[in-house]
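Chain and residue survey
Now for the letters of each chain:
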Amino acid sequence: MECEWKPDEQGLQQILQLLKESQSPDTSTQRSVQQRLEQLNQYPDFNNYLIFVLTKLKSEDEPTRSLSGLILKNNVKAHYQNFPNGVSDFIKSECLQNIGDSSPLIRATVGILITTIASKGELQNWPELLPKLCLLLDSEDYNTCEGAFGALQKICEDSAEILDSDMLDRPLNIMIPKFLQFFKHSSPKIRSHAIACVNQFIISRTQALMLHIDPFIENLFALATDEEPEVRKNVCRALVMLLEVRLDRLLPHMHNIIEYMLQRTQDQDENVALEACEFWLTLAEQPVCKEVLCGHLSQLTPVLVNGMKYSEIDIILLKGDIEEDEAIPDNEQDIRPRFHRSRTVAQQHEGDGIEEEEDEDDELDDDDDTISDWNLRKCSAAALDVLANVFRDDLLLHILPLLKELLFHPEWVVKESGILVLGAIAEGCMQGMIPYLPELIPHLVQCLSDKKALVRSITCWTLSRYAHWVVSQPPDNYLKPLMTELLKRILDSNKRVQEAACSAFATLEEEACTELVPYLAFILDTLVFAFSKYQHKNLLILYDAIGTLADSVGHHLNKPEYIQMLMPPLIQKWNQLKDEDKDLFPLLECLSSVATALQSGFLPYCEPVYQRCVNLVQKTLAQAMLHQSQPDQYEAPDKDFMIVALDLLSGLAEGLGGTIEQLVARSNILTLMYQCMQDKMPEVRQSSFALLGDLTKACFQHVKPCIADFMPILGTNLNPELISVCNNATWAIGEISIQMGPEMQPYIAMVLHQLVEIINRPNTPKTLLENTAITIGRLGYVCPQEVAPMLQQFIRPWCTSLRNIRDNEEKDSAFRGICTMISVNPGGVVQDFIFFCDAVASWVNPKDDLRDMFCKILHGFKNQVGEDNWRRFSDQFPMPLKERLATFYGV
């Protein structure tokens, strides 16, 4: 028998003193405590003292004992592999002996400690842990059973994968049936632990649970109306997950489950209601949704609508009674990190601006983002949104009668929820809503000046969801009044309203585009005034509204009086911000849009902006190299600084064209780009290829000497797994080939095979297909002898991917390339000639010499096959195609 470890009295007093001090609110005391704890970690038995205070020193108060356990947990996390054997064995046996401590706080602390040790890969090295905990579940003593279950629940949460692997001889085969026995236990806390343990294994479809799925579901139904909220919450959570993974098992009971979830969504306990409300979100994603839910819509709709009211607690947390807070500085913790979306080069399509691949993120995370993020209100609104998309106008039948009552209700909380409902259904029920919009939109515009800030802010969001319709009507009817009121709200005295108005205005800008040009002076007046008014968080949203304005009105912004209004405040911020300040991201993004829109108008501001961007890239690369050579000495840099700087340089190159030439000549940007193009981080490469393409167009004389170094790198980045990197590399190759002309010949072999492979891949995104087709066409234009032999391998997807994009320079050069290749290898197009005819017909106004090329090929083919064969062939054409070819090309 090894003798029991005993603490030294003096050492113990010292540690207790430390634990007391660490509960002090004073930060300098806290700091010295941290340092002394670090020093004490040098002593091998320091951790013995900590476990001793937690489990043996019953004379101490519970918070101190618990704290001792939590410090030990942090030590386990950081240094467990260095604990001497004796120490880790002592800790393990103390934990197992004290899991049933009479204090809930101490039990929970011991449970956390056990789990932390287990998650350090120690489940294998602590083979008696799981059997022992399972054995303790059968203890007559409530504290022991509850403590063991608490620990097991944490282990199931943290180590679910390992528990279901061969490494541990599959303990779940024993544990899951054991947990199921406790669903009927007399203690609600233990019933709740039991369900929570089993719930960890639903989503992964763990074999041991799937074998017992029917008894599990029966047991859940038996607990459906348990008097303990925590149990009901876990039952709801289980059913939501089963809906995703074992719908087959729930379908026979679906009617009853829906009735049950309707009740639970109205549970007195908000946590239960929230779990239940998730059910509708999940159900909406299932193909059976329409069929199983249509009979319940009339009951479900009022329940969801009712859940969309602010609770009293929400209003307190949101300071809903404070109407004016614009002068109060923001709490820095409330400002969410922003993520920069790197540049992707895309083609314009017929009849619209650039098509976005991603869905816009104007979902329901608009308002109250400072409360605990997810609550019943948001979940109900999100559920209504997805159900509107499933049921479309069938849902309106049930919503409209409710809406009438809500929107004109005297109580602001009710009225506010009605406005949220209106916004939530906007996407799914748009068609059915159109007849009501001519009277609803003016009512909403009136609500923008409601005396309650929370009503004003939600109204901004809801109106933005109908922006598309507003813009489709004559501007004086709705656009002008809406814009006028929204601009007033941008200058609201309430910060939440400012934020909602700025976001809504950005959405309106995207929809309205050049419709806003007549009001530009008025708009800029407001946005510039907001600069002097806004606190930190809303400034970041203001940058976005200004950038979106520049994207939307383009060169119309390039008037001296507008530049005079807009640039001074932007440059003032630019000079205030340090290179390490993350607020540079949104400001750089904003300036990038502004530079692209202003073009020559940005010249006076160009040099300092260009210089700083080059510096940011250089600094980041230098820091990355230091970090790579000495990771302990130097932190890894935040590469977002470099990405945003590269994107702004692209904006400058695109906006200023050839005038950027002297700046490039006087800087080392091409050397820096050579490094960025080889960076490990895909977003860095993506942005550097966009810049390469833009500099190729702006000042090729500086890029040309580097082409031999750049081309192999571009070739290795034609990997369609990284869509945006591949897309920008492809586009850059096309731009380079136009500048290189026949000198492109030595590089064709580096890229052609990958491009042909990409254009033939199934499920390739549209933007990438279009850019690939243009680049193949351009390579064929400058080096037809090299590319034409492969014509047959790409002509068909080439034609289908380019038929929908607008006439422009890129399309022009690509089609010239195809025509040149057809003249070199006419046999390559014969089998797919109908696709070529269709692509030619997609041109609205080709240049005369390009039209002649088309004519020559069409007539050449017709003469080759003879009159009869041509008639048989062209009879397969759809009517519009036949007519177009006859009208424009006489075939």
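In this text the structure is predicted, and so the values were computed from the model without any measurement. (Residues numbered from 1 in each chain as written. Predicted model: local features only at pLDDT ≥ 70, side-chain atom pairs only at ≥ 80, totals over all residues. Heavy atoms only, no water.)

Some words on the overall build of the protein
The following threshold applies: Here a strand is any run of E in DSSP of at least two residues, a helix any run of H or I of at least four, and the numbering for each starts at the N terminus. Each residue is assigned to one of three classes by its accessible area relative to the maximum for its type, calculated with a 1.4 Å probe on protein chains only: buried under 20%, partly exposed between the two thresholds, exposed over 50%. Areas reported as accessible are Shrake-Rupley estimates using a 1.4 Å probe. Residue values count occlusion only from the protein chains shown. The charge count includes Lys and Arg as positive and Asp and Glu as negative, but it does not include His or the ends of the chains. For this purpose, a charge sits on NZ of Lys, CZ of Arg, CG of Asp or CD of Glu.
Within the protein, the secondary structure is distributed over 50 helices and 0 strands. Within the span of the protein, comprising 891 residues, buried residues form 56% of the whole. Accessible surface, the protein: about 39,300 Å² in total, of which carbon and sulfur atoms supply 51%. Positive and negative side-chain charges of the protein, numbering 77 and 126 respectively, have mean locations separated by a distance of 1 Å.

Remarks on the nonpolar core
If you look at soluble globular proteins, the nonpolar side chains tend to sit buried side by side. How we decide: Note on terminology: a nonpolar core comprises buried Ala, Val, Leu, Ile, Met, Phe, Trp, Tyr and Cys residues joined through side-chain atoms within 4.5 Å.
Within the largest apolar cluster, 313 residues are counted, with the highest numbers of intra-cluster contacts made by W280 and F602. The greatest single-element share of this core, amounting to 11 residues, is contributed by helix 35 (residues 640-656).

Considerations on unusual backbone geometry
Phi is positive for C513, which is not a glycine, with a value near 45°. Here C513 lies in the loop between helix 29 (495-512) and helix 30 (520-533). Here C513 falls in the partly exposed class, since its relative accessible area comes to 31%. Of note, the phi angle at N763 is positive, near 65°, even though the residue is not glycine. Tracing the backbone shows N763 in the loop between helix 42 (748-759) and helix 43 (766-782). Relative accessible area serves as the criterion here: at 79%, N763 is assigned to the exposed category.

Focus: the pattern of salt bridges
Between side chains of opposite charge, pairing is possible as soon as their charged atoms come close. Put simply, the test is: Think of a salt bridge as a Lys or Arg side-chain nitrogen and an Asp or Glu carboxyl oxygen that are within 4 Å of each other.
Within the structure shown, the criterion is met by 40 salt bridges. A salt bridge links R237 to E275; the shortest N-O distance between them is 2.6 Å. Here E275 lies in helix 17 (residues 270-284) and R237 lies in helix 14 (residues 229-245), a separation of 38 residues in the sequence. Here E275 falls in the buried class, since its relative accessible area comes to 15%. Between R612 and D579 there is a salt bridge; the shortest N-O distance is 2.9 Å. Residue R612 is located in helix 34 (residues 603-629), and its partner D579 is located in the loop between helix 32 (560-576) and helix 33 (584-598); the two are separated by 33 residues in the primary sequence. Pair check on accessibility: R612 and D579 agree, each one buried.

Focus: helix 10 (residues 172-181)
The line we're drawing: Contact criterion: two residues are considered in contact whenever any of their non-hydrogen atoms come within 4.5 Å of each other.
Every buried residue belonging to helix 10 is among L172, M175, I176, K178, F179 and L180, and all of these are buried. Elements in contact with the buried residues of helix 10: helix 7 (129-136), helix 8 (142-158), helix 9 (160-163), helix 11 (188-199), helix 12 (207-210) and helix 13 (213-222).

Structural notes on the state of the cysteines
Definition in use: Cysteine sulfur atoms that come within 2.5 Å of each other are treated as a disulfide pair.
Considering all chains together, one arrives at 0 disulfides under this definition. Left unpaired, C502 is separated from the closest cysteine sulfur, that of C460, by 9.6 Å. The cysteine C699 is free of any disulfide, with C706 supplying the nearest cysteine sulfur at 11 Å. A relative accessible area of 1% means that C699 is categorised as buried.

Section: the packing of aromatic side chains
In plain terms, the rule: Note on aromatic contacts: the rings of Phe and Tyr and the six-membered ring of Trp form a pair at centre separations within 6.5 Å, being stacked when their planes are under 30 degrees apart, edge-to-face when over 60 apart, and tilted otherwise. Ring-over charges, as used throughout, are those where CZ of Arg or NZ of Lys falls within 6 Å of the ring centre and within 35 degrees of the ring normal.
Throughout the structure, instances matching the rule amount to 23 aromatic pairs. Ring centres 5.9 Å apart and planes at 80° place the aromatic pair F815 and F854 in the edge-to-face group. Remark: F854 occurs in helix 48 (residues 848-865) and F815 occurs in helix 46 (residues 809-824); sequence separation between them is 39 residues. Of the two residues, F815 and F854, neither departs from the other in class, the shared state being buried. Each member of the aromatic cluster is reached from another via a ring pair, and the members are W798, F815, F833, F836, W843, F854, F861, W870, F873, F877, F888 and Y889. Its guanidinium or amino end placed over the ring of Y310, R377 lies 3.7 Å from that ring's centre, counting from NZ or CZ. Note that K811 overlies the ring of W843, its terminal NZ or CZ placed 5.0 Å from the centroid.

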